[in-house]
Amino acid sequence: MSSSSAIISATNVFENGNYATTLQMVDPAVTCNTNCSSLSGAVPPPKPLLIASPSEAGEFPVLIFLHGYLLLNSFYSQLILHVASHGFIVIAPQLYNVAGPDASDEIKSTAATTNWLSEGLSGLLPPLVRPNLSKLVLAGHSRGGKTAFALALKKAATTLKFSVLIGVDPVDGMDKGKQTPPPVLTYVPHSFDLDMPVMVIGSGLGEIKRHPLFPPCAPKGVNHEDFFHECQKPACYFVVKDYGHLDMLDDDTKGIRGKASYCLCKNGKSREPMRKSIGGIIVAFMKAYLNGDVSDLMSIRNGHETAPAEFKTIQFLE
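Being a predicted model, the structure only gives us computed values, none of them experimental.

### Quick look at the side chain of threonine 147
Here comes step 1: Position of threonine 147 among the secondary structure elements: in helix H3 (residues 143–152).
Here comes step 2: When its relative accessible area of 1% is taken as the criterion, threonine 147 is described as buried.
Here comes step 3: Sequence-distant contacts of threonine 147, that is, excluding residues within four places in its chain, are made with Leu66, Ala103, Glu106, Ile107 and Thr110.

Right under this line is the structure:
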């Protein structure tokens, strides 16, 4: 991707886009109420879903977004609505409520959710909103990032092909920097055979301990840096300075897990700058590689478009 072809964008990907949006919960295991979508006439998904989409008529690319370890998909509501407002449908499955160290079941569940999209997604979207499954993105945060890479590396089969892969502070293990099963990292530079553009986003504070007795949330040796080193071109790498591993979550995360998300990891001063920065670069990357519009990505790369949070690293493999 040549920066010489870029133009300075008139849009601001770090703020909400021009589309009105809707956010709905879909849980095939419970009776629908005013906060969830009716499954009448629709094929139920294999896992509960949080769906953010434009509410206006049109055909839009689809992003599957995977939550982090022991987190809830609802904790990412503000992030996925930000992305949806720029013209994308975002599907965030709840892969589990309790999980052990092995991520194999999450990989299979994500594959099953991907395979369900063709038969079930259209029936759950607003009227005249259509998914473009030929432009399908896979993304995940923390252990969800590991799961996304594992599925993209074909550790489970899918009937649909992914066009873009995004890791948001991906982590391949938490036990003293060791990988958890199934291992994804090979520690061989550029060894990932992915056949798609990849973006890796890291947090500057993720590898710093918050408590002396607990490991950092994104330890060195299994974090964003290692994932990017194994990517082949085209790939890009952003590290957000002065923000932590969970700083892209909603401002108000409720319940015990939500409160714990403020206590377990080294955090920045507030979540909004990190969340808007990550939302913006996700939008810019997808616009570049799904829609052929490189203007926002090149403006960020060249310093013409400034994120709310400072990037300490911006690197491209071309």
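### Points about unusual backbone geometry
Here comes step 1: Cis geometry marks the peptide bond from proline 181 to proline 182; its omega dihedral reads -15 degrees.
Here comes step 2: Cis rather than trans, the peptide bond between lysine 233 and proline 234 has omega equal to 0 degrees.
Here comes step 3: Even without a glycine there, the phi angle at leucine 128 is positive, about 70 degrees.
Here comes step 4: By the element assignment, leucine 128 lies in the loop between helix H2 (104–120) and strand E5 (129–141).
Here comes step 5: Judged by its relative accessible area of 62%, leucine 128 is exposed.

### What to know about the environment of asparagine 16
Here comes step 1: As for its position among the elements, asparagine 16 is in the segment before strand E1 (21–26).
Here comes step 2: Asparagine 16 sits 34 residues away from leucine 50 along the chain, and the two C-alpha atoms are 19 Å apart.
Here comes step 3: Beyond its immediate stretch of four places on either side in the chain, asparagine 16 contacts His82, Ser85 and His86.

### Here's the deal with the layout of surface pockets
Here comes step 1: What the largest pocket holds in volume is close to 590 Å³.
Here comes step 2: The wall of the largest pocket is formed by 24 residues, among which Tyr69, Leu70, Met174, Cys217 and Leu264 lie closest to the centre.
Here comes step 3: Mapped by element, the contributors of at least two residues to the lining of the largest pocket are H3 and helix H5 (255–260).
Here comes step 4: Ranked by residues supplied to the lining of the largest pocket, first place goes to H5 with 3 residues.

What counts, and at which threshold
Residues numbered from 1 in each chain as written. Predicted model: local features only at pLDDT ≥ 70, side-chain atom pairs only at ≥ 80, totals over all residues. Heavy atoms only, no water. Helix = DSSP H or I, 4+ residues; strand = E, 2+ residues; numbered from the N terminus. Buried < 20%, exposed > 50% of the residue type's maximum accessible area, 1.4 Å probe, protein only. Contact = heavy atoms within 4.5 Å. 1 Å grid on protein atoms, 1.4 Å probe; cavity = no way out; pocket = protein on both sides within 12 Å on 5 of 7 lines; lining within 4 Å. Points joined across faces, edges and corners; volume = space filled by probe spheres on them.

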